[in-house]
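# Results of the structural survey
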Amino acid sequence: MALKARALYNFQSENKEEISIQENEELVIFSENSLDGWLQGQNSRGETGLFPASYVEILRSRSGSNYTDYSSSPAGSPGHESSFYSPNPGISYQGSFEDDDDDDWDDWDDACTVVEEPRSAPGTNGHPSPSLQYPAAYGHHQHAGYRPKPALERQDSMSSSKRGSVVGRNLNRFSCFVRSGVEAFILGDVPLMSKIAEVYSIEMGSKGPQWRANPHPFICSVEDPTKQTKFKGIKSYISYKLTPSNINSPVYRRYKHFDWLYNRLLHKFTVISVPHLPEKQATGRFEEDFIEKRKRRLILWMDHMTSHPVLSQYEGFQHFLCCRDEKQWKLGKRRAEKDEMVGASFLLTIQIPTEHQDLQDVEDRVDAFKAFSKKMDDSVLQLTNVASELVRKHVGGFRKEFQKLGNAFQAISHSFHMDPPYSSDALNNAISHTGKTYETVGEMFAEQPKNDLFLMLDTLSLYQGLLSNFPDIIHLQKGAFAKVKESQRMSDEGRMDQEEADGIRKRCRVVGFALQAEMNHFHERRVADFKRMMQSYLKQQIVFYQRVSQQLEKTLRMYDNL
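Predicted model only: the values in this text are computed from it and were never measured.

Definitions and limits used
- Residues numbered from 1 in each chain as written.
- Predicted model: local features only at pLDDT ≥ 70, side-chain atom pairs only at ≥ 80, totals over all residues.
- Heavy atoms only, no water.
- Helix = DSSP H or I, 4+ residues; strand = E, 2+ residues; numbered from the N terminus.
- Buried < 20%, exposed > 50% of the residue type's maximum accessible area, 1.4 Å probe, protein only.
- Contact = heavy atoms within 4.5 Å.
- Expected span 1.5 Å × (residues − 1).
- Pairing = 2+ DSSP bridges.
- Axes fitted to C-alpha atoms, helices over the stretch in contact; angles between N-to-C directions.

### Here we look at the overall build of the protein chain
Of the regular secondary structure elements, the protein chain holds 11 helices and 11 strands. A total of 562 residues make up the protein chain; the buried ones form 46% of that total. Summarising the internal contacts of the protein chain: among those between residues at least 6 apart in sequence, 70% fall at separations of at least 24.

### So, helix H5 (residues 288–307)
With 20 residues, H5 extends 29 Å from end C-alpha to end C-alpha; this agrees with the ideal 28 Å at 1.5 Å per step. Summarising the contacts, the buried residues of H5 are in contact with strand S8 (220–230), strand S9 (235–244), helix H4 (255–268), helix H6 (315–322), helix H10 (453–492) and helix H11 (498–556).

### Looking at unusual backbone geometry
Despite not being glycine, Asp-224 has its phi angle at roughly 45 degrees, a positive value. With respect to the element layout, Asp-224 can be found in strand S8. The class for Asp-224 is partly exposed, based on a relative accessible area of 45%. In the Ramachandran plot, Asn-248 falls in the positive-phi region, its phi being about 55 degrees despite a non-glycine side chain. Residue placement: Asn-248 occurs in the loop between S9 and strand S10 (251–254).

### Considerations on the sheet that holds strand S4 (residues 48–52)
Taken in spatial order, the 5 strands make up an open sheet running S4-S3-S2-S1-S5, and their pairing is antiparallel. The open sheet terminates on both sides in strands that have one partner only, identified here as S4 and strand S5 (56–58). Here the average twist between neighbouring strands, direction ignored, is 45 degrees. Alignment of strand S1 (residues 3–7) against strand S2 (residues 26–29), held across 4 bridges, turns out to be antiparallel. Within S2, the residue paired with Ala-5 across the bridge is Leu-27.

Right under this line is the structure:
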């Protein structure tokens, strides 16, 4: 619940996750639980971000004292349990179970559907992180109302006597670089496994690093959405028939199962752009149009999953597609949820080429892709808006206009019948038929989006999701580069062994190669998908206008023998 607060001191932000606050400024705090001494909230200028907990006091209307002292309650202590904050409050992230279309797992269920995380401080990956330095308790000799300003010491600027030879950790423990565990991986804090069963290789291709292709490629159809019931008809749901080409044996899955798989994918594959599932809907889940739309988008989602060299080989995905036995399903589900090679540990499974890559060249290439993806995201949104508006016009405006035109022709025909001696039945019938033809054309316009614009919007929706993943993935690489530069600087100053700096650079290369491989795969799929989308749209447009032309030509011939 949002709380009102007042700033005790001035604070100047130093990165995009933080916001500046002024003394006596009124603030809104999204939760009074602090993490490593930081709160998330909004200042009077509408800016949202982080600021030190010890720099503010919470205003409580029903308490004798309106001051909450964070300096005496370190993060994680009882009563101030640490919790994650979303960088965008109010956004419901896709894949959560809160608004799902079902509250159970049919017959294939067990008590836990999501693996429990280690109970360490969020964002620290089990490693203690330095906290802000807080002032001592206020002495009685201080005058009333006096508050000494807390000493704010940023972790990345700590002196070498405090840090030793360790590269500073990011102060912002909310950033995806920290929460994903990539920071811990870069700094060598992710323990090596004695045996790694899965390996994903990157090789050099004609356009740079690329994922090694799946040695056993396959596709999977999504068909026959069917309404099912259970509990004697009390509960209803839609099941989809999935048929992988490599086994050619169908399985039946509900959206709940897709959602479970999607959460596993997000949890495991840190540096991969996992395609978003079709959106959820609270009402109208059994309406024909919604079911058809979800099926179309699940087909595109499945196509991207099976075409990805890494995602398609994931054991959890194979289990999702192939398992038909109830007992085996539960065992495989638990195995996927207990998978240790997730997040930062997934990076241990990646084998990279031995070819040297200059980190500056890699950074330049990533910057170019960042600019490209931003521009593409804007253009995809623009085309989505235009296409959506065109659908609205097809269904509403165009149909109504052609109906008006048809009715007007019909009125002319009826008026010609008013004076029989001069009436020409052939002409009247031809004009009346013309009116009916334009009414038919109006109905054709209303139905046409199902043949062309819907597929375009489905593809654009998929790419909006894919593009929305890249800022966070690029942020991981940027964070890794920053650690490399910092470690090299410390090595040059004699505060770190060169061997340790080389280890950080080596692990950064893993993140860099993975991002480049993902960029290459994205471009490869983009070319294929947009070629198919544009070809399909133009072909359907040609067929549509040919049908309209045939209707008009047939009507025109009625006037030839008058």
